[in-house]
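Spelled out, the chains give:
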Amino acid sequence: AIVERSSAGVVETTYAALTSRAAGVAEALRARGVARDDRVAILMPRGAPAAAVAFGVLAAGGVVVVVNETLRTRQQKMASAELGDRDAFGLKLKAI
């Protein structure tokens, strides 16, 4: 199990749940056209949900590009611009 401590308290996630979430992310990315070696930016707080997204990107054949969530909005936009429109995919995820 993965155990996280946050302001919300202690959260425990099983590896089976993490694998299931990653498979769902991979499926969603493939449905949106992510192909092998496409770069996928991830901008979210560290933790099990971010790990599931990263593993999902890898399972879809993509390349994980982590954008630090503590960057200012302007810096985040600059980091995204570096990826280029063709190579960057955005994915809005509901609770995973």
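Residue numbers here run from 1 along each chain, matching the order of that chain's written sequence. Reporting in this predicted model follows two pLDDT cut-offs: at least 70 for local features of residues, and 80 or more for side-chain atom pairs to be given and counted; totals over whole chains, interfaces and linings ignore these cut-offs and use all residues. Each side-chain value is worked out from all heavy atoms of the structure, with water and hydrogens disregarded.

Chemist: For this particular structure, what's the right way to read the overall build of the protein?
Modeler: Across its full length, the protein holds three helices and four strands. Helix and strand definitions follow DSSP, with helices as H or I runs of at least four residues and strands as E runs of at least two, each counted in order from the N terminus. Reading the protein from its N terminus to its C terminus gives the helix and strand order β-β-α-β-α-β-α. Only protein chains enter the accessibility calculation, which uses a 1.4 Å probe; a residue whose area is less than 20% of its type maximum is buried, one above 50% is exposed, and one in between is partly exposed. Counting over 96 residues, the protein shows a buried share of 24%. Note on contacts: a residue pair qualifies if any of its non-hydrogen atoms lie within 4.5 Å across the two residues. Restricting the contact set of the protein to residue pairs at least 6 apart, pairs at least 24 apart contribute 67%. Looking at the protein as shown, the accessible area adds up to about 6,700 Å², and 53% of this sits on carbon and sulfur atoms. The accessible surface values rely on the Shrake-Rupley method and a 1.4 Å probe; as for residues, cover is taken only from the protein chains in view.

Chemist: I would appreciate a short explanation of the packing of helix H1 (residues 15-31) against helix H2 (residues 48-59) in the present structure.
Modeler: Each pair of packed helices can be described by the angle between their axes along with the distance between the axes. Orientation is described by axes fitted as lines to C-alpha atoms, over the contacting stretch for helices, and by angles from 0 to 180 degrees between their N-to-C directions. Contact pair H1 / H2: the axes reach a minimum separation of 7 Å and the direction vectors enclose 50°. On the basis of the axis angle, H1 is oblique to H2. Judged by the sense of rotation from one axis to the other, the crossing of H1 with H2 is right-handed. Contacts between H1 and H2 involve Leu18, Arg21, Ala22, Val25, Ala26, Leu29 and Arg30 on the former and, on the latter, Ala48, Ala51, Ala52, Val53, Phe55, Gly56, Val57 and Ala59. Orientation labels follow simple angle bins: below 35 degrees gives roughly parallel, above 145 gives roughly antiparallel, 65 to 115 gives roughly perpendicular, and whatever is left gives oblique. In this scheme the crossing of two helices becomes right-handed for a clockwise turn of the near helix relative to the far one and left-handed for an anticlockwise turn of less than a right angle.

Chemist: Quick question: what am I supposed to make of the pairing of strand S1 (residues 2-6) here?
Modeler: Side chains on a regular strand alternate between the two faces of the sheet. Here five bridges tie S1 to strand S2 (residues 9-13), and the two strands are oriented antiparallel to one another. The partner of Val3 across the bridge, within S2, is Glu12. Two strands are counted as paired when DSSP detects at least two bridges linking them. Linking S1 to S2, which pair antiparallel, is a turn of two residues.

Chemist: Sorry if this is basic, but what is going on with H2 here?
Modeler: Since the α-helix advances by 3.6 residues per turn, residues separated by three or four positions end up pointing in the same direction. What a helix should span is 1.5 Å times the count of its residues minus one. A rise of 1.5 Å per residue sets the reference length of H2, with its twelve residues, at 16 Å; its end C-alpha atoms lie 16 Å apart and thus fit the reference within 8%. Taken together, the buried positions of H2 are occupied by Ala48, Ala50, Ala52, Val53, Ala54, Gly56 and Val57. If you follow the buried residues of H2, they end up packed against S1, S2, H1, strand S3 (39-42) and strand S4 (63-66). Remark: Gly61 follows H2 within two positions and exhibits a positive phi of approximately 95°.

Chemist: What am I meant to see in unusual backbone geometry here?
Modeler: Trans peptide bonds make up most of the peptide bonds, and negative phi angles are found at most residues other than glycine. Positive phi is not limited to glycine here, since Asp37 has a value of about 70°. In this structure, Asp37 sits in the loop between H1 and S3.

Chemist: Can you help me understand the nonpolar core in this one?
Modeler: In globular proteins that are soluble, nonpolar side chains generally tend to be buried together. Buried Ala, Val, Leu, Ile, Met, Phe, Trp, Tyr and Cys residues that are joined via side-chain atoms within 4.5 Å together make up what is termed a nonpolar core. If you look at the biggest cluster of nonpolar residues, it comprises ten residues: Val25, Ala26, Leu29, Val34, Val40, Ile42, Val53, Ala54, Val57 and Ala60. Breaking this core down by element, the ones donating at least two residues are H1, S3 and H2.

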